[in-house]
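Chain residues, written in single-letter form:
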Amino acid sequence: MEELLATLARLSSLLIEAAAVIVVAFASLGAFVRLVWMTATRGIGHGQRKAIWQEYGMWLLLGLEFELAADIIRSVVSPTWKDLGELGAIAVIRTFLNYFLEKDLETASRTDGVSVA
């Protein structure tokens, strides 16, 4: 039964990590294509760049959440304190990244009406 749980946890974490990679890859590609398209067709203003950045940031947040979920699931099968310590460090780093990215997005959305040159 323990081996089944370990296998299930490994498979689940792998699938969730794959979802995170897909989310971040498509978001990156989408943001890049939108920037190139706007620049090539009519020039790009600060408001348009900001909208692209905000949408991209939201997708990155989602990708970070998926990665953190995969790490938590993987901790079910972590056999040593070293593995748990590494997981803790990774979780703290990802949580801080998530927090500050979310704060940046909140700040940006509050200043939508303000044009910064």
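Everything below is about the structure shown above.
Values in this document were obtained by computation on a predicted structure and should not be read as measured data.

(A) Region of interest: the packing of aromatic side chains. The full count for this structure, using the stated rule, is two aromatic pairs. Considering the side-chain rings of F96 and F100, the 6.3 Å spacing of their centres and the 15° angle between planes classify their relative orientation as stacked. In this pair, F96 and F100 are both assigned in helix α3 (residues 81–110), four residues apart and thus about one turn of the helix distant. Taking the centre distance of 5.1 Å and the plane angle of 80° together, the rings of Y99 and F100 count as edge-to-face. The exposure class of F100 is partly exposed, given its relative accessible area of 48%. Ring-pair connections join several aromatic residues into one group, and the members of that group are F96, Y99 and F100.

(B) Local environment of the side chain of E67. On the secondary structure map, E67 appears in helix α2 (residues 46–74). We classify E67 as buried; its relative accessible area is 16%. For E67, the residues in contact, after removing those within four places along its chain, are E17, A20 and R94.

(C) The arrangement of the pattern of salt bridges in detail. Evaluated as defined, the whole model comprises seven salt bridges. Between R74 and E17 there is a salt bridge whose closest N-O contact spans 2.5 Å. Linking R74 in helix α2 with E17 in helix α1 (residues 2–42), this pair joins segments that are 57 residues apart in sequence. Judged by relative accessible area, R74 falls into the partly exposed class, the value being 28%.

(D) Representation of the environment of D104 in the model. Looking at where D104 falls in the secondary structure, it is placed in helix α3. On the basis of relative accessibility, which here comes to 42%, the residue D104 falls in the partly exposed class. Remark: the alpha-carbon pair of D104 and A27, spanning 77 residues in sequence, is separated by 18 Å.

(E) Fine view of α3. The end-to-end C-alpha separation of α3 is 43 Å, in line with the 44 Å expected for 30 residues at 1.5 Å each. Here α3 has its buried residues at L87, A91, N98, L101, L105 and A108.

Reading the values: rules and limits
- Residues numbered from 1 in each chain as written.
- Predicted model: local features only at pLDDT ≥ 70, side-chain atom pairs only at ≥ 80, totals over all residues.
- Heavy atoms only, no water.
- Phe/Tyr/Trp six-rings, centres within 6.5 Å; stacked < 30°, edge-to-face > 60°.
- Helix = DSSP H or I, 4+ residues; strand = E, 2+ residues; numbered from the N terminus.
- Buried < 20%, exposed > 50% of the residue type's maximum accessible area, 1.4 Å probe, protein only.
- Contact = heavy atoms within 4.5 Å.
- Salt bridge = Lys/Arg side-chain N within 4 Å of Asp/Glu carboxyl O.
- Expected span 1.5 Å × (residues − 1).

So far we have only geometry, and geometry alone does not tell us how the molecule works.
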